[in-house]
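If you want the building blocks of each chain, they are given just below.
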Amino acid sequence: MSERVNCKSILIGNFGDPVWENPTEFMMTAVFEHHDMKYRYISTEVPAESLKAAFEGVKAMNYKGFNCTLPHKQAIIPLLDGLGESAELMGAVNCVVERDGKYIGENTDGKGYTESIKEITDVKDKTVLILGAGGAARAISVEMALSGASEIIIVNRTAESGQELVDLINDKTPAHATFHPLEGEYFIPGGTDIVINATNIGLYPDTTKVPIDLKSLNSDMIVSDVIPNPPQTQFLKDAKAEGCTTIDGLGMLVNQGRIAIKYWSGKDVDASVMRKTLEDIFA
Ligand code: NDP
């Protein structure tokens, strides 16, 4: 074997529980092969009680970083050396990056979403309605607010978490937020520019209907769904039938991964390779 052959891999991965349904490893592996990058992304099932030990392993094995998914997005924070701006605001980390021997927590979920919507419209001064107040809604709303959205309406089943997110947006970002309770079918107020389903509703195999009165949608609205599987959710199909422009959840998934790779490697990779890999998996 030639001495020029490099057998050393740069390790990164995903810590979560469960991870079997998370397709990130496939899109990462495909794009690393495409660019001939010597990175190995390993999906690892880490139960909540093992996170600290797993993180010690990360440091011992010199990982360049890793994604964090449920249930670790908040639990990882006290173990880290620092946080990026949006992770600090959201209080959640989905991407850890080694920089000069320190492990810093970032959040690429909201950035991934805003990048995919910016391909279609300028977020500045828009009124954005978000259904849900969990991790995805939190990441998206904060990042949309930091990107210049002026009004954010949070609609959630549980009032406490909805109001908590509204308070966070009002206290920590330049946007103005209001909470609307989700009771029965929600009627979207006129003047809404962007509607986002950031609940779990519609994630395969769930066939529950997103509780929005379809008559309140109109063709001036952009409607998006965070659900990556199936990419064309029933909600998006219904919105398209009402004349809305739609954006699927694959854009967010691909972009958050692309931003993570940029953090880990400094390289801009080809997002179309990642998207094609996911489309093939979900076909
Ligand atoms: P969380 O558990 O943190 O939050 C779930 C949210 O959905 C809560 O607001 C919850 O309301 C609401 N919800 C769930 N079921 C219902 C229902 N039947 N009726 C009304 N509201 C409901 O989850 P996440 O925010 O982390 O994830 C949400 C979805 O986002 C997941 O399906 C995930 O796949 C997707 N996601 C996609 C990403 C992408 O890159 N495309 C990235 C991250 C997440 P309540 O507070 O009342 O319980």
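This text gives an overview of the structure that appears in the document.

Reading guide: rules and limits
- Residues numbered from 1 in each chain as written.
- Predicted model: local features only at pLDDT ≥ 70, side-chain atom pairs only at ≥ 80, totals over all residues.
- Heavy atoms only, no water.
- Helix = DSSP H or I, 4+ residues; strand = E, 2+ residues; numbered from the N terminus.
- Rg over C-alpha atoms; globule rule 2.2 N^0.38 Å.
- Buried < 20%, exposed > 50% of the residue type's maximum accessible area, 1.4 Å probe, protein only.
- Contact = heavy atoms within 4.5 Å.
- Areas by Shrake-Rupley, 256 points an atom, 1.4 Å probe, with all protein chains shown as cover.
- Near = heavy atom within 4 Å.
- Polar contact = N/O pair within 3.5 Å; in protein donor to acceptor, adjacent residues only side chain to side chain.
- Pairing = 2+ DSSP bridges.
- Axes fitted to C-alpha atoms, helices over the stretch in contact; angles between N-to-C directions.

Observations concerning the overall build of the protein
Next up, step 1: Helices and strands together make up the secondary structure of the protein, namely nine helices and 12 strands.
Next up, step 2: Relative to its length of 283 residues, the protein is compact, with a C-alpha radius of gyration of 19 Å against a globular reference of 19 Å.
Next up, step 3: Seen through its principal axes, the protein has C-alpha atoms that stretch 65 × 40 × 35 Å.
Next up, step 4: Looking at the 283 residues of the protein, the share that counts as buried comes to 53%.
Next up, step 5: In the protein, the share of contacts with a sequence separation of at least 24, taken over all contacts with a separation of at least 6, comes to 69%.
Next up, step 6: Of the accessible surface of the protein, which amounts to about 13,300 Å², a share of 50% is contributed by carbon and sulfur atoms.

Describing the site of the ligand
Next up, step 1: Not every one of the 22 residues close to the ligand is listed here, only the nearest: Ala133, Ala136, Asn156, Thr158 and Val226.
Next up, step 2: Glycine 249 is positioned with one of its backbone polar atoms (N or O) 3.0 Å from a nitrogen atom of the ligand.
Next up, step 3: One nitrogen or oxygen atom from the main chain of leucine 253 is found 3.2 Å from an oxygen atom belonging to the ligand.
Next up, step 4: Contributions of two or more residues to the shell around the ligand are made by helix H5 (135-146) and helix H8 (249-265).
Next up, step 5: Tallying contributions element by element places H8 first for the shell around the ligand, with three residues.

Let's talk about the sheet that holds strand E10 (residues 194-197)
Next up, step 1: As summarised here, the arrangement of the six strands in space is E9-E8-E7-E10-E11-E12, forming an open sheet in which the pairing is parallel. What marks the edges here is a single partner per strand, and that holds for strand E9 (176-181) and strand E12 (245-247). If you compare each strand with its neighbour and ignore which way they point, the axes differ by 20 degrees on average.
Next up, step 2: Pairing between strand E8 (residues 151-156) and E9: six bridges, direction parallel. What sits directly across from asparagine 156, in E9, is proline 181.
Next up, step 3: Running at roughly 170 degrees to strand E11 (residues 222-225), helix H7 (residues 234-241) makes contact with E10, E11 and E12 of the sheet.

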